[in-house]
Amino acid sequence: MNDLDEDIRKFAQLIIAAKNIVVLTGAGMSTESGIADFRSPGTGLWEKVDPNEFASIHSYVSDTQKNLKFMLEMGMNIFRAKPNKGHRALTKLQKLGKLEGILTQNIDGLHHKAHTNNIVELHGTVNEAICMRCKEVYPITTMINQVLKGFYSPSCEVCGGLLKPNAIFFGEPLHSETLMRADEMIEACDLLIVLGSSLLIYPVAFYPRKALSAGAKLAIINIQQTDMDDYAEIVIHEKIGDILPRIIEIVEKNLKVSN
Ligand SMILES: NC(=O)c1ccc[n+]([C@@H]2O[C@H](COP(=O)([O-])OP(=O)(O)OC[C@H]3O[C@@H](n4cnc5c(N)ncnc54)[C@H](O)[C@@H]3O)[C@@H](O)[C@H]2O)c1
Ligand SMILES: [Zn+2]
């Protein structure tokens, strides 16, 4: 058995032993679905665009047309994307009764498309639009249809306010109910699995420490190193889609044997 096989086996053992597993996913979860992350060298979005110009609430309000053109281009890629092997492996883990829920930084909705349940979308979703004035929520198609007709100030059917994708932009606070739900899950879990996050953005950067101080164990799959690697029971620096299905397969076999 080589080192990677051994790590995969250990990872599976952690899952088998745990009673309340929460998974925390970042943009690395969706790169294998063709959606670029922010910080991977060479392919990360931040090497191509300035976040303050395109993903901040200030720039959206001050130059809505320019922002919408850019978002539509990026958004079409996200709307067309399909869940990958990693997303599907998590759904399987949940069906095996070994996954409480997912906290995700992703705004692509791919965990929903993979039919996993109990998902907390910390940064919202691009599959919805929200009115900036009255907070009415619409399917994103309501907003896109207006933009495709050349109306670059998409408006709310209730109050006429400006619509924006229901994702958190830079300069916007996260929703307090979402944060509370995430806190509860982190405090209750006995194993936190981090998948595809650089763990650089708050509050997510803080969750592994919070889980550890509440007594949970930590396990990570991420191509690049993170600041939390030294605190984890196990860290695998490989692609999620190559590794996670192998781990879940061992878990499934083990559960069948013990049932
Ligand atoms: N898919 C999306 O919804 C999406 C895409 C880009 C950015 N974002 C937003 O940008 C922010 C980015 O923060 P973040 O920490 O999630 O991402 P990040 O870009 O900071 O880090 C992604 C991490 O994933 C790793 N990675 C990339 N592909 C991987 C793979 N196949 N397997 C394992 N690891 C892989 C990289 O090494 C990197 O460390 C988030 O706030 C998120 O809301 C979301
Ligand atoms: Zn409104």
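Below you will find a few notes about this structure. (Residues numbered from 1 in each chain as written. Chains lettered and ligands numbered in written order. Predicted model: local features only at pLDDT ≥ 70, side-chain atom pairs only at ≥ 80, totals over all residues. Heavy atoms only, no water.)

### Section: the site of ligand 1
What counts, and what does not: Each residue is tested against the molecule or strand, and it is near if at least one of its non-hydrogen atoms lies within 4 Å. Any N or O atom pair separated by 3.5 Å or less is treated as a polar contact, with the protein-specific requirement of one donor-capable and one acceptor-capable atom, and with residues adjacent in sequence counted only for side-chain atom pairs. With residues, only the protein chains shown are counted as cover, and all accessible areas are computed by Shrake-Rupley using a 1.4 Å probe.
Near ligand 1 you find 27 residues, and of these A27, F38, R39, Q105 and S198 are the closest. N222 is positioned with one of its side-chain polar atoms (N or O) 2.9 Å from an oxygen atom of ligand 1. Considered on its own, ligand 1 offers 860 Å² of accessible surface; in the complex 96% of this is hidden by protein.

### Quick word on the environment of R133
The cut-off we apply is this: Secondary structure elements are defined from DSSP: runs of H or I of at least 4 residues count as helices, runs of E of at least 2 residues count as strands, and each element is numbered from the N terminus. For every residue, the accessible area obtained with a 1.4 Å probe (protein chains only) is divided by the maximum for its type, and the residue is called buried under 20%, exposed over 50%, and partly exposed between those limits. Residue contacts follow a heavy-atom distance rule, with two residues in contact if any of their heavy atoms lie within 4.5 Å.
If you trace the backbone, R133 turns up in the loop between β4 (124–131) and β5 (137–139). Residue R133 is classed as exposed on the basis of its relative accessible area, which comes to 58%. Along the sequence, R133 and C156 sit 23 residues apart, while their C-alpha atoms lie 8.6 Å from each other. Leave out the neighbours within four places in its chain, and R133 touches C159, G160 and G161. Separated by 2.8 Å, the side chain of R133 and the backbone oxygen of C159 make a polar contact.

### Overview of the environment of M29
Of note, M29 is situated in the loop between β1 (21–25) and α2 (51–54). Given a relative accessible area of 1%, M29 falls into the buried group. For the pair M29 and L199, spaced 170 residues apart in the sequence, the C-alpha separation amounts to 13 Å. Apart from the residues within four sequence positions on either side, M29 is in contact with N84, G86, H87, L90, N106, H111, L195, G196 and I240.

### What about helix α5 (residues 85–95)?
Taken together, the buried positions of α5 are occupied by G86, H87, A89, L90, T91, L93 and Q94. Elements in contact with the buried residues of α5: α1 (3–17), β1, β2 (101–104), α6 (110–113), β7 (191–195) and α10 (240–258). In this structure N84 caps α5, since a side-chain oxygen of it lies 2.8 Å from the backbone nitrogen of G86. G97 sits one or two residues past α5 and shows a positive phi near 80 degrees.

### Examining the packing of helix α4 (residues 64–80) against helix α7 (residues 140–148)
Here is the rule we go by: Here the axes come from fitting lines to C-alpha atoms, over the contacting stretch only for helices, and the angles between their N-to-C directions go from 0 to 180 degrees. What sets the label is the angle itself: under 35 degrees gives roughly parallel, over 145 gives roughly antiparallel, 65 to 115 gives roughly perpendicular, and the rest give oblique. Crossings are assigned a handedness: left-handed for a near helix turned anticlockwise from the far helix by less than a right angle, right-handed for a clockwise turn. The residue classification treats Ala, Val, Leu, Ile, Met, Phe, Trp, Tyr, Cys and Pro as nonpolar and Asp, Glu, Lys and Arg as charged. All others, Gly included, are polar.
Packing of α4 against α7 leaves a shortest axis separation of 12 Å and a crossing angle of 130 degrees. Considering their axes alone, α4 and α7 lie oblique with respect to each other. Judged by the twist between their axes, the crossing of α4 over α7 is left-handed. From α4, L68, L72, M76 and F79 reach across to α7, where they touch I140, M143, I144, V147 and L148. Per-class residue counts for the contact of α4 with α7 are nine nonpolar, no polar and no charged.

In short, geometric facts, not functional conclusions.
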